[in-house]
Each structure stands twice: as C-alpha cells, then as structure tokens.
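Chains, contacts and geometry: an overview
Listed below are the residues making up each chain.
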Amino acid sequence: MGKLRKMLNALIPEYSLIPLIAAVTVNMGVYGGARMIAGDWLHHNIECGLDRMIPFIPYTVVIYLGCYLFWIVNYILIARQGKKEVCQFFAADFLSRMICLACYLIYPTTNTRPMVEAEGFWNQVVAVLYRIDAADNLFPSIHCLVSWFCYIGIRGKSYIPRWYRGASCVMALLVCISTLTTKQHVIVDVIGGVALAEICLLIGKLPAVWGKYEKVLDKFLHDKRSRKRGKLRPEGGSA
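Below is a short write-up of the structure. (Residues numbered from 1 in each chain as written. Predicted model: local features only at pLDDT ≥ 70, side-chain atom pairs only at ≥ 80, totals over all residues. Heavy atoms only, no water.)

**A closer look at the packing of helix H4 (residues 61-79) against helix H7 (residues 142-152)**
With their axes 9 Å apart at the nearest point, H4 and H7 run at an angle of 40 degrees to one another. Taken together, H4 and H7 sit at an angle that is classed as oblique. The two elements H4 and H7 meet at a crossing, and its hand is left-handed. Contacts from Tyr64, Cys67, Tyr68, Phe70, Trp71, Asn74, Tyr75 and Ile78 of H4 reach H7 at His143, Val146, Ser147, Phe149 and Cys150. For the contact of H4 with H7, the per-class residue count stands at 10 nonpolar, three polar and no charged. (Axes fitted to C-alpha atoms, helices over the stretch in contact; angles between N-to-C directions. Helix = DSSP H or I, 4+ residues; strand = E, 2+ residues; numbered from the N terminus. Parallel < 35°, antiparallel > 145°, perpendicular 65-115°, else oblique. Left-handed = near helix turned anticlockwise from the far one by under 90°. Contact = heavy atoms within 4.5 Å. Nonpolar A, V, L, I, M, F, W, Y, C, P; charged D, E, K, R; others polar.)

Put into structure tokens, the structure is as follows:
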C-alpha cells in the first residue's frame, strides 16, 4: 500500500487527487441520476434530415468505447498542471456537468436507433451497447464534452509535445464522429458538447470561479491533513 501511494503521489499531485475523484463521481452521478429521475419522462427527438443521411458504421464503436483510455490519460496530464490550472479546469468540468444535468431534466432528448443485424462482431458490440445504454441523456453529449475537454485542457501547453496535442485534437474529433456513426447521438448533441466545454473553460478561468473552487479544495486538503496528523499522533501525546 505504501509503494502504491508513493507511485500515485509521483503521478498525481496531492492537490489534484480530490478534483479527479470528484470529477469521476459527479460525472457518474449526473449520468445515472438523470436517467433514474427522467427515464420515464417524455423525450424529444431532435435529429434532423442531415442526421438521417449519416451512415451507421458499426466498427466505429471501437472509438466510441476506446475513448475511455484517452480520457484517463489526458485527465491525468491535466491534473499534473499547476494548482491554478487544475482549479480552473476542474471548476469548468464541474460546471459543465451541472449544466448537463439541467438539460437532461428540463428537456430530455432521444434519437432513433437503427435495427442492428445479428451477424458480424461489431454489430454484436453495438447491440450490447444499445442494451446497456438507453437512448437518453443525449443533449449535450458527455462523450463529446469530455473528449473536447481532453483536448482543450492541454491546448497551448508547450511542455506537452506538439504531436500529442495534435493527436488529442484528432482523437476528440474522431470521438465526436463516432457518436454519430454509432447512432448514439445526433449533430446537435455533438455541437452542444463541444460548445459547452469551450464556454465552461472560459468561465472556469474567471478568478471568482476558480478561486471559489480552490477555497473548497483547500478546505478538503486541510481536513485531510488534520485527520492524518491525528492518526499519527501517539496516544496521550500533546495537541
């Protein structure tokens, strides 16, 4: 356990661990919570004629599902930035999920999924995806939102190789495309996810916003250190 903690501390600064855990927790809570609350509500289909022209390409599900590794790597890269940048990014990340939750509850959306043939490996993968992931929580697309965050979170960071920043942009775009070719989302969902990421990051960089996030984070860190000191203090020792 000690070695694991040392490896984790070397990979992720102490001030970034709580934001990372919180981001994952909030993301799961928003997605699952919205489905639990609004799953049986009336859902609106906002697909357009252009959406119906986009072909269903089953093998692109590998991008749609494989992006989780992309998310893990880039969120860790972002978490390794300075404390100010970390607070700006994760304040934006939190704000974006709150907006997503509001959208999913105020105006639930759905789309029309194609009939998937039983033959073919990728068809079977898509069929499983459809069974476990209902056609809801669509606008804005969290898949596109998070993928674009992965890119803009390292955009312009000179200490990250230019080729990787470029590859992250390409990967984010491919994920956006895959949400359409797997028929998991419609065009408006993609535009909404990308736009929301950009807008929230701009808001997150406002001193009043990231400063508030930093204050909350500092309180968590202070309480954590206080508990740790309490555990290390010998019984009967002075305060």
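**Overview of the nonpolar core**
One broad rule of soluble globular proteins: the nonpolar side chains tend to lie buried together. Ranked by internal contacts, the top residues of the largest apolar core, which has 41 residues, are Tyr75, Phe89, Phe90, Cys100, Trp148, Phe149 and Ile152. Of all elements in the fold, only helix H2 (14-38), H4, helix H5 (83-106), H7, helix H8 (162-181), helix H9 (187-204) and helix H10 (207-232) reach the threshold of two or more residues within this core. Residues in contact with Phe149, not counting those within four places in the same chain, are Tyr75, Ile78, Phe89, Ala92, Asp93, Ser96, Arg97, Ala197, Cys200 and Leu201. (Core = buried A, V, L, I, M, F, W, Y, C linked by side-chain atoms within 4.5 Å. Buried < 20%, exposed > 50% of the residue type's maximum accessible area, 1.4 Å probe, protein only.)

**Topic: unusual backbone geometry**
Pro140 follows Phe139 through a cis peptide bond whose omega is -5 degrees. By secondary structure assignment, the location of Pro140 is in the loop between helix H6 (121-132) and H7. Of note in the backbone geometry, Asn137 takes a positive phi value of approximately 50 degrees without being a glycine. Within the secondary structure, Asn137 sits in the loop between H6 and H7. Note on Asn137: relative accessible area 6%, which makes it buried. At Lys183, a residue that is not glycine, the phi angle is positive and equals roughly 60 degrees. Mapped onto the elements, Lys183 comes out in the loop between H8 and H9.

**Remarks on the side chain of Gln88**
By the secondary structure assignment, Gln88 is in helix H5. Excluding its chain neighbours within four sequence positions, the residues that come into contact with Gln88 are Leu201, Gly204, Lys205 and Trp210.

**What about the pattern of salt bridges?**
In total, this model carries six salt bridges according to the counting rule given. For Asp133, the salt bridge goes to Arg35, with nearest N and O atoms at 2.9 Å. One end of the pair, Asp133, is in the loop between H6 and H7; the other, Arg35, is in helix H2, and 98 residues separate them in sequence. When salt bridges with common partners are traced through the structure, they connect Arg35, Asp133 and Asp136 into a single cluster. (Salt bridge = Lys/Arg side-chain N within 4 Å of Asp/Glu carboxyl O.)

**Notes on the side chain of Ser178**
When you line up the elements, Ser178 lands in helix H8. Accessibility expressed as a relative area gives 1% for Ser178, which makes it buried. Sequence-distant contacts of Ser178, defined by excluding residues within four places in its chain, comprise Thr60, Ile63 and Tyr64.

**A look at the packing of aromatic side chains**
Summed over the entire model, instances satisfying the criterion amount to eight aromatic pairs. Their ring planes at 65 degrees and their centres at 4.8 Å tell us that Tyr68 and Trp71 sit as a pair that is edge-to-face. Of the two residues, Tyr68 and Trp71 are both situated in helix H4; the distance of three residues between them amounts to about one turn of the helix. Classification of Trp71 by relative accessible area gives buried; the value is 11%. The rings of Tyr75, Phe89, Phe90 and Phe149 are connected pair by pair, giving a single aromatic cluster. (Phe/Tyr/Trp six-rings, centres within 6.5 Å; stacked < 30°, edge-to-face > 60°.)

**Brief notes about H8**
Between the first and last C-alpha of H8 there are 29 Å, a value that for 20 residues agrees with the 28 Å anticipated at 1.5 Å per step. Within H8, the full set of buried residues consists of Tyr164, Arg165, Ser168, Cys169, Ala172, Val175, Cys176, Ser178, Thr179, Leu180 and Thr181. For H8, the elements touching its buried residues are helix H3 (49-53), H4, H7 and H9. Positive backbone phi, approximately 60 degrees, marks Lys183, located one or two places after H8. (Expected span 1.5 Å × (residues − 1).)

**Here's the deal with H7**
Summarising burial for H7: 11 of the 11 residues are buried, a large majority. Those residues of H7 lying buried are Ile142, His143, Cys144, Leu145, Val146, Ser147, Trp148, Phe149, Cys150, Tyr151 and Ile152. Looking at the buried positions of H7, the neighbouring elements they touch are H2, H4, H5, H8 and H9. Its side-chain oxygen at 3.3 Å from the backbone nitrogen of His143, Ser141 defines the N-terminal cap of H7. (Polar contact = N/O pair within 3.5 Å; in protein donor to acceptor, adjacent residues only side chain to side chain.)

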